[in-house]
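Each chain is listed here by its residues.
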Amino acid sequence: MRAFITVAIVFFMLNACKKETTKSPTATACSKFSLEGIWTRIANGPNGDPACIGEKIEYKDGKGIILSEPADCKFKTGDIKWMNFSVEKCTILNTYFTNPALTTVGFRDGKISFTDAATVVIHGVTYTK
């Protein structure tokens, strides 16, 4: 019994003195999956354009390029949709229209979260591989 108590005390002391080095849950989720590949827009966020459901984006070499889009979507094939993915911050620059006429495009920081390896939500918009 004494040996068991000694082992338990040593284990407790080692763990109590161990420096905390784990990543935040968000950073872990972003580093756990890859953004590389072709993604299809399947759902919009609160300000998303329903005409863009079905848009296809390929993320490689640090940029998400639109491969195809539905006819009424204001984004066009070849446009950069995403860039500067930060695994540490779980953010990505995401394009958006800066005016009501949908003629001027800008970039904004967007939160990114992976549901699993094949589903990602970027600034409230859901995509699947």
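As a reminder, the structure under discussion sits directly above these lines.
Before going into details, it helps to say that this report is about the structure given with it. These numbers were taken from a predicted model, which means no experiment stands behind them.

1. Observations regarding the environment of Lys-89
Part 1 of the reasoning: Along the chain, Lys-89 turns up in the loop between strand 4 (80-86) and strand 5 (91-97).
Part 2 of the reasoning: Residues Lys-89 and Cys-30, spaced 59 residues apart in sequence, show a C-alpha to C-alpha distance of 8.5 Å.

2. Looking at the pattern of salt bridges
Part 1 of the reasoning: By the definition in use, this model includes one salt bridge.
Part 2 of the reasoning: Glu-55 is the salt-bridge partner of Arg-41, the closest N and O atoms lying 3.2 Å from each other. Taken together, the positions of Arg-41 in strand 1 (residues 37-43) and Glu-55 in the loop between strand 1 and strand 2 (56-60) put the pair 14 residues apart, joining distant regions of the chain.

3. Some words on the side chain of Lys-81
Part 1 of the reasoning: Mapped onto the elements of the fold, Lys-81 is located in strand 4.
Part 2 of the reasoning: Once residues lying within four places of it in the same chain are set aside, the contact partners of Lys-81 are Arg-41, Glu-55, Ile-57, Gly-64, Ile-66, Phe-75, Leu-93, Asn-94, Thr-95, Phe-107 and Tyr-127.

4. Considerations on unusual backbone geometry
Part 1 of the reasoning: Even without being a glycine, Asp-61 presents a positive backbone phi close to 55 degrees.
Part 2 of the reasoning: If you trace the backbone, Asp-61 turns up in the loop between strand 2 and strand 3 (63-68).
Part 3 of the reasoning: Here Asp-61 falls in the exposed class, since its relative accessible area comes to 71%.
Part 4 of the reasoning: A positive phi angle, near 50 degrees, is found at His-123, a position not held by glycine.
Part 5 of the reasoning: As for its position among the elements, His-123 is in the loop between strand 7 (119-122) and strand 8 (125-128).

5. Description of the side chain of Thr-40
Part 1 of the reasoning: Tracing the chain through its elements places Thr-40 in strand 1.
Part 2 of the reasoning: Thr-40 sits in the buried class, given a relative accessible area of 18%.
Part 3 of the reasoning: The contacts of Thr-40, once residues within four sequence positions are left out, are Gly-54, Glu-55, Lys-56, Thr-126, Tyr-127 and Thr-128.

6. Focus: the pairing of strand 6 (residues 105-116)
Part 1 of the reasoning: Judged from the four bridges that link them, strand 6 and strand 7 form a sheet pairing that is antiparallel. Each bridged residue has a counterpart across the sheet, and for Phe-114 the counterpart in strand 7 is Val-120.
Part 2 of the reasoning: Hairpin connection, strand 6 to strand 7: the antiparallel pair is bridged by two residues.

7. Notes on the nonpolar core
Part 1 of the reasoning: Judged by nonpolar contacts, the single largest core of 19 residues is most densely connected at Leu-35, Trp-82, Phe-85, Ile-92, Ile-112, Val-120 and Tyr-127.
Part 2 of the reasoning: Of all the elements in the fold, those that place two or more residues in this core are strand 2, strand 4, strand 6, strand 7 and strand 8.

8. As for the packing of aromatic side chains
Part 1 of the reasoning: Evaluation of the coordinates by the stated rule reveals four aromatic pairs.
Part 2 of the reasoning: Seen in terms of ring centroids, Phe-33 and Phe-114 are 5.6 Å apart; in terms of plane orientation they differ by 40 degrees. Their pairing is tilted. With Phe-33 in the loop between helix 2 (25-32) and strand 1 and Phe-114 in strand 6, the pair connects residues that are 81 residues apart, well separated along the chain.
Part 3 of the reasoning: Residue classification places Phe-114 among the buried residues on the basis of a relative accessible area of 9%.
Part 4 of the reasoning: Ring geometry for Trp-82 against Tyr-127: centres 5.0 Å apart, planes inclined by 90 degrees, an arrangement best described as edge-to-face. Of this pair, Trp-82 sits in strand 4 while Tyr-127 sits in strand 8, placing them 45 residues apart in sequence.

What counts and what doesn't
- Residues numbered from 1 in each chain as written.
- Predicted model: local features only at pLDDT ≥ 70, side-chain atom pairs only at ≥ 80, totals over all residues.
- Heavy atoms only, no water.
- Helix = DSSP H or I, 4+ residues; strand = E, 2+ residues; numbered from the N terminus.
- Salt bridge = Lys/Arg side-chain N within 4 Å of Asp/Glu carboxyl O.
- Contact = heavy atoms within 4.5 Å.
- Buried < 20%, exposed > 50% of the residue type's maximum accessible area, 1.4 Å probe, protein only.
- Pairing = 2+ DSSP bridges.
- Core = buried A, V, L, I, M, F, W, Y, C linked by side-chain atoms within 4.5 Å.
- Phe/Tyr/Trp six-rings, centres within 6.5 Å; stacked < 30°, edge-to-face > 60°.

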